[in-house]
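# Coordinates in review
The lines below spell out each chain.
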Number of protein chains: 4
Amino acid sequence: MSYNTFGHMFRVTTWGESHGPAIGCVVDGCPPRLKLTEADIQPWLDRRRPGQSKYTTQRQEADRVQILSGVFEGQTTGTPISLVIHNTDQRSRDYGDIAERYRPGHADVTYDRKYGIRDYRGGGRSSARETAMRVAAGAIARQVLGQGVRIRGALVQVGALGVDRARWDWDLVGDNPLFCPDPVMLGQWEDHLARIRKDGSSIGAVVEVVAEGVPAGLGAPIYGKLDSDLAMAFMSINAVKGVEIGDGFAAATLTGEENADPMRMRDGQLHFLSNHAGGILGGISTGQPIVARFAVKPTSSILTPVPSVTRSGGNVDVMTRGRHDPCVGIRAVPVGEAMMACVLADHLLRHRGQAGT
Amino acid sequence: MSYNTFGHMFRVTTWGESHGPAIGCVVDGCPPRLKLTEADIQPWLDRRRPGQSKYTTQRQEADRVQILSGVFEGQTTGTPISLVIHNTDQRSRDYGDIAERYRPGHADVTYDRKYGIRDYRGGGRSSARETAMRVAAGAIARQVLGQGVRIRGALVQVGALGVDRARWDWDLVGDNPLFCPDPVMLGQWEDHLARIRKDGSSIGAVVEVVAEGVPAGLGAPIYGKLDSDLAMAFMSINAVKGVEIGDGFAAATLTGEENADPMRMRDGQLHFLSNHAGGILGGISTGQPIVARFAVKPTSSILTPVPSVTRSGGNVDVMTRGRHDPCVGIRAVPVGEAMMACVLADHLLRHRGQAGT
Amino acid sequence: MSYNTFGHMFRVTTWGESHGPAIGCVVDGCPPRLKLTEADIQPWLDRRRPGQSKYTTQRQEADRVQILSGVFEGQTTGTPISLVIHNTDQRSRDYGDIAERYRPGHADVTYDRKYGIRDYRGGGRSSARETAMRVAAGAIARQVLGQGVRIRGALVQVGALGVDRARWDWDLVGDNPLFCPDPVMLGQWEDHLARIRKDGSSIGAVVEVVAEGVPAGLGAPIYGKLDSDLAMAFMSINAVKGVEIGDGFAAATLTGEENADPMRMRDGQLHFLSNHAGGILGGISTGQPIVARFAVKPTSSILTPVPSVTRSGGNVDVMTRGRHDPCVGIRAVPVGEAMMACVLADHLLRHRGQAGT
Amino acid sequence: MSYNTFGHMFRVTTWGESHGPAIGCVVDGCPPRLKLTEADIQPWLDRRRPGQSKYTTQRQEADRVQILSGVFEGQTTGTPISLVIHNTDQRSRDYGDIAERYRPGHADVTYDRKYGIRDYRGGGRSSARETAMRVAAGAIARQVLGQGVRIRGALVQVGALGVDRARWDWDLVGDNPLFCPDPVMLGQWEDHLARIRKDGSSIGAVVEVVAEGVPAGLGAPIYGKLDSDLAMAFMSINAVKGVEIGDGFAAATLTGEENADPMRMRDGQLHFLSNHAGGILGGISTGQPIVARFAVKPTSSILTPVPSVTRSGGNVDVMTRGRHDPCVGIRAVPVGEAMMACVLADHLLRHRGQAGT
């Protein structure tokens, strides 16, 4: 991975700023002769699209994706696939404030320290708008993985409110704008988020992504481990502060006996009797579901003034008005799924290259 | 990163198996004219060396490092630095069992599924012995970073027993074999580990690594973020199941107000009044201490038999005798420090390349 | 370099097909705060643009470049620069023939063998149209290199007709559509090319590119040599079959005495008394002009029928009508300059990263 | 490729200086379950070994290779293969002269300009001794390619004396220390080289490498072309100044009719009636033999004094005594074969990864 590219064999390069004319990506290394049209990508983008519920930003973007290259007569050709989404709702406004003041918790100050310049309009390159292209690339990655691999994400915690896994219902996830798998928790979250939103505050969240049907053998020692590539992929999503595989941090509290995943042969096939490992041993997939979670911090844009500084070195208190997600973790669900898809597609090709299967 | 190499400008490639003749690494891209002799590397290796306390494996290895290239008259030349450690305590024994039986929680089964072959002696390539070379490379990375950057690690949790940060004492960390910063907890851990060890069991742990003196501006959007590279680096360490930056998973429970890091000018310098972010905003260092943690699962090698399968497809119960760490998290402390050093050194060179400073 | 990306620190990824809606590129890793507008890129594209003389293809393309990201208020921001050129003269026609018949000397047959599918319209991805984006990226690379580095190319041979270096005139190069530096040869080439064109034939050529003002120290052993990166860069241009540095193949005929480049101090500075090496020793620039040449084969599209085969396995004779350059080497001159610029910019950043200067 | 690593899926990293304790390489990404022992590598090294004829350097090195990792019970395991050769004939001597004086035509001056330090003993890292590891890696690459791919090299020109292709005899190549395929030219070269050697002079040469049995479809547009990767690989060999594919520079003098490679179906298979292209079209292999040539400059170490400068800025005349090849092109033959093997192995794996076949 390097700056704005990730992946080795299935490589995604994204570009674009929040308030520039467009955002886009180039997907290189995609296998040839996969079915691909804009209709294979658009539904995934629609799930991430802003302005769909009162819990996410009210920015209105059609997020209509166009394929500019790499596809011929509805099939991939093996050449780079260029995707573009034109920005349509770059609300014209006075950026004087944001140009000069660093929003706490945002990348304003670090971009300026690093580059000595920044496109301050809407966060520029550091805006979560970039994640739309991850979702688009993820849709292509799903075509690479094929029908046999199913990748699904859900929100499992909002603030201190975590779901009850006994009530987990994947069908519910697709039916509510919060990607909540627990019917009881759904109502509690709605109430909680309504309060948060009314207060001009924000709240953190945890996202879980599960990939089923992943063949054993993907991932590679030592610095090409499937879990380390997933950790990088999830941590690269805006506002993510932690990543777990399988039992994750809870594994720190377990004994070897509690953490063990016993194996048994059944009908001539190897079966694991539990999945504390999250489907990965030694950096390589076991054939079990890959289970990962990541923590998303609360949106830094809040209505409470926070002490900050100006570009020219003065003190100022910053209150961020604008169109923001009170819980940016919600829209991170489809983004997390996309990153899982991209990492798995990359490893599928890498494994096939080295091991020939 | 690719298979057995990590880093872009400061690149580390490791090789070697637990019970082969030697392990080694090649560090490429190191700046020229840095002071470097074996004496700059050996002390760091000694901190990770097995057989130093009753809480870690009793394997006896001198872990004596040799520099084979890239250094001339005590200075780096800019050409690849080859390091080697000869294995001396590959205890001769009958490997019949381990060749045929998959140890639960180990990479035995996944290496076999991936490659159709594995060097089963002591775990082969998947052994934590590989981490010695990370520590060696980390010592070189520290030379790249210079005196101004201080990287220190500590064990902050063993099982459910976490340290009290009010009692944190960095001096203590260097004085006890558990890298414990809390004098009260140290005693409790010793008791707990003694019990675990006596029971032939094992326990998980959490490691914290802090880097002070890191200049603002290291790291790069979007897929070259400092935190995503750290996440990959830590997750690539054996037995690690989770990674956090700053408040990490706790950030999921916070509101935007609670999570905010206010800024103020002081003596013409920008100061942050708190560090929930762990020293990184938008993937770029803020100039504050970089704070990261990772969770290490309990050693899978335990004396309790666990259901498993054989290579040829039979059922078997596996009990792992041998020389193992009851808490593999302990020796992960110097490894975590080394990975932090390597990631920072890489980003220092990458930043200097792009931005010229 | 990987598929459609080249460079390490200064990375260029191109995309697009000859007859798709657009072609484009993403330039990643560009230093911040460089002056850049479309006006800095367009003039270089205009030099390569088709339809400018009777010796090059009559396809009419405005080749109007747009910057979609990475530039703010006329300066680069350090984030990826996305450039796009919309195709306007994709002449609507029946592609039935070309879809089924492999044009000899073209990539039709190999793309099909590799991918099992190809965008046959105008050669698709294998069209030299892709080189427009190299020229655009090269314009950005020139900004990275700054005013001190001057990169110029010329055509030095058309068929068997080579220029006389005693008559070399750089000013002339900019004044004629053949990029010819020799006023006598210019007339001969015009006559020769007129004949070639009238016959529906084509002819090969040799291009020379010279970079002056390149500081000593760029390039790196062993697989990052400046000359091997140049060799790759030039060989990747459509129709190129050979690359030379300095004396090139002529060096094979020389003795050590003849090939030596003596050195002397002059005014406290090191001076070379000759430049057989072409400005590179051991893969690293000497501070002398970098001199490289590459051979371009004759355009494969000719009016004489050539035995070929069809996709479905029949024999056929193929005569290629259409809008083609009788000497594709002519338009390779600005492309060669651009590749030189990109390689040097990449090495400038890589060197600065490692060596700090 | 980056500094001391080349290849993407089949990656070779070399290290070591001419007069250090050892040289070595790490081959990463090698497919598992290939037969490999030191006996598969040693014979190729023996062909390159110095001290074998009066036409090559008299340095005596056994060049005995050891495998330190990545192989288990005679088979590759998919983990990194570490190879080492201990230097035995680092003749102890006074290096005072060479430390201070820049040898013309060598990398002494550029290493110093780049790094501000150099290991001057025997050329350090810039010595052609590094190529031994290329040959070793090439032997592994041959195992990856399998029996179906045959890679052979020959010397085709020494000074102005080129072989007559009508007399080409591959069997002869293996029987003479000059790798000469032409029985008549062999005698002439021997005489010529004897004279050159007696005069303390040196002479350039051209090497040709041919790979037969390469399947169609290897290589990839646009910056992963098989020919551009070959150009980089050959140009990275010490003293190489030019690279050609197929007709190479001669293609510049041809018309489209002369350069065309007609195709015909024969027994249901596509056949090319000539091979001007050298087996590559659009950067992708055609299934024909891959034909490449590279020019090697005369050894810069000669007995005639050449004007030079000292490190501290004085003028000096340098005459290079020592153990040198009068025609360094001779020993470049096995090196060229090895680079061809490595590039093809890499592209085989890359193609299999993307296209699945």
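Chain A is annotated in an unreviewed UniProt entry as Chorismate synthase from Novacetimonas pomaceti. UniProt, in the comment section headed Pathway (unreviewed entry), describes chain A in these words: "Metabolic intermediate biosynthesis; chorismate biosynthesis; chorismate from D-erythrose 4-phosphate and phosphoenolpyruvate: step 7/7." Recorded under Catalytic activity (unreviewed entry), the UniProt text for chain A is reproduced unchanged: "5-O-(1-carboxyvinyl)-3-phosphoshikimate = chorismate + phosphate".

Residue and element names in this part refer to chain A. With numbering matched to this structure, UniProt assigns "binding site: NADP(+)" (unreviewed entry) to Arg48 and Lys54. Relative to the helices and strands, Arg48 resides in helix 1 (residues 38-48). You can call Arg48 buried: its relative accessible area is 2%. Ignoring anything within four residues of it in the chain, the contact list for Arg48 reads Asp63, Ala128, Arg129, Thr131, Ala132, Val135, Arg331, Pro334 and Val335. For Lys54, the position within the fold is in the loop between helix 1 and strand 4 (65-67). A residue is classified by how much of its surface remains accessible, and Lys54, at 48% relative accessible area, is partly exposed.

In terms of nonpolar packing, the biggest core is built from 380 residues, with Phe10 of chain A, Phe10 of chain B, Phe10 of chain C together with Phe10 of chain D touching the most fellow members. Excluding its chain neighbours within four sequence positions, the residues that come into contact with Phe10 of chain B are Val27, Asp28, Cys30, Ala137, Ile140, Ala141, Val144, Cys342, Ala345, Asp346 and Leu349 of chain B.

When chain B is brought onto chain C, the operation consists of a screw motion whose angular component is 180 degrees and whose axial shift is 0.0 Å, with 0.0 Å RMSD remaining. Each copy turns onto its partner about a two-fold axis. When C-alpha positions in chain B are compared against the rotation axis, the closest is assigned to Gly353 of chain B, at 1.8 Å. Both copies present the same face, since 100% of the interface residues in chain B are matched by interface residues at the equivalent positions in chain C.

All names here are of chain A. With their axes 9 Å apart at the nearest point, helix 1 and helix 4 (residues 131-145) run at an angle of 140 degrees to one another. The pairing of helix 1 with helix 4 is recorded here as oblique in orientation. Where helix 1 crosses over helix 4, the handedness of that crossing is right-handed. Along its contact with helix 1, which presents Asp40, Ile41, Trp44, Leu45 and Arg48, the element helix 4 presents Thr131, Ala132, Val135, Ala136, Ala139, Ile140, Arg142 and Gln143. Its residues placed into classes, the contact of helix 1 with helix 4 shows eight nonpolar, two polar and three charged.

In this complex, chain C contributes 107 residues to the contact, which on the side of chain D involves 109 residues. Carbon and sulfur atoms make up 62% of the area that chain C and chain D hide from each other, which totals about 8,300 Å². In this assembly, chain C and chain D are joined by two salt bridges. In this structure, Arg264 of chain C engages Asp317 of chain D in a salt bridge whose closest nitrogen and oxygen atoms are separated by 2.7 Å.

All told, the structure shown has 88 salt bridges over all chains when counted by the stated rule. In this structure, Asp63 of chain C engages Arg129 of chain C in a salt bridge whose closest nitrogen and oxygen atoms are separated by 2.7 Å. A residue pair is termed long-range when its members are at least 10 positions apart, and Asp63 of chain C in the loop between helix 1 (38-48) and strand 4 (65-67) and Arg129 of chain C in the loop between helix 3 (108-115) and helix 4 (131-145) qualify at 66 residues. Here the residues in one salt-bridge network are Arg103, Asp108, Asp112, Arg118 and Arg311 of chain A, joined through shared partners.

Conventions adopted
Residues numbered from 1 in each chain as written. Chains lettered and ligands numbered in written order. Predicted model: local features only at pLDDT ≥ 70, side-chain atom pairs only at ≥ 80, totals over all residues. Heavy atoms only, no water. UniProt positions renumbered as here; feature names shortened; annotations may be inferred. Helix = DSSP H or I, 4+ residues; strand = E, 2+ residues; numbered from the N terminus. Buried < 20%, exposed > 50% of the residue type's maximum accessible area, 1.4 Å probe, protein only. Contact = heavy atoms within 4.5 Å. Core = buried A, V, L, I, M, F, W, Y, C linked by side-chain atoms within 4.5 Å. Least-squares fit on C-alpha atoms with pLDDT ≥ 70 in both. Axes fitted to C-alpha atoms, helices over the stretch in contact; angles between N-to-C directions. Parallel < 35°, antiparallel > 145°, perpendicular 65-115°, else oblique. Left-handed = near helix turned anticlockwise from the far one by under 90°. Nonpolar A, V, L, I, M, F, W, Y, C, P; charged D, E, K, R; others polar. Buried area = accessible area lost by both parts, 1.4 Å probe. Salt bridge = Lys/Arg side-chain N within 4 Å of Asp/Glu carboxyl O.

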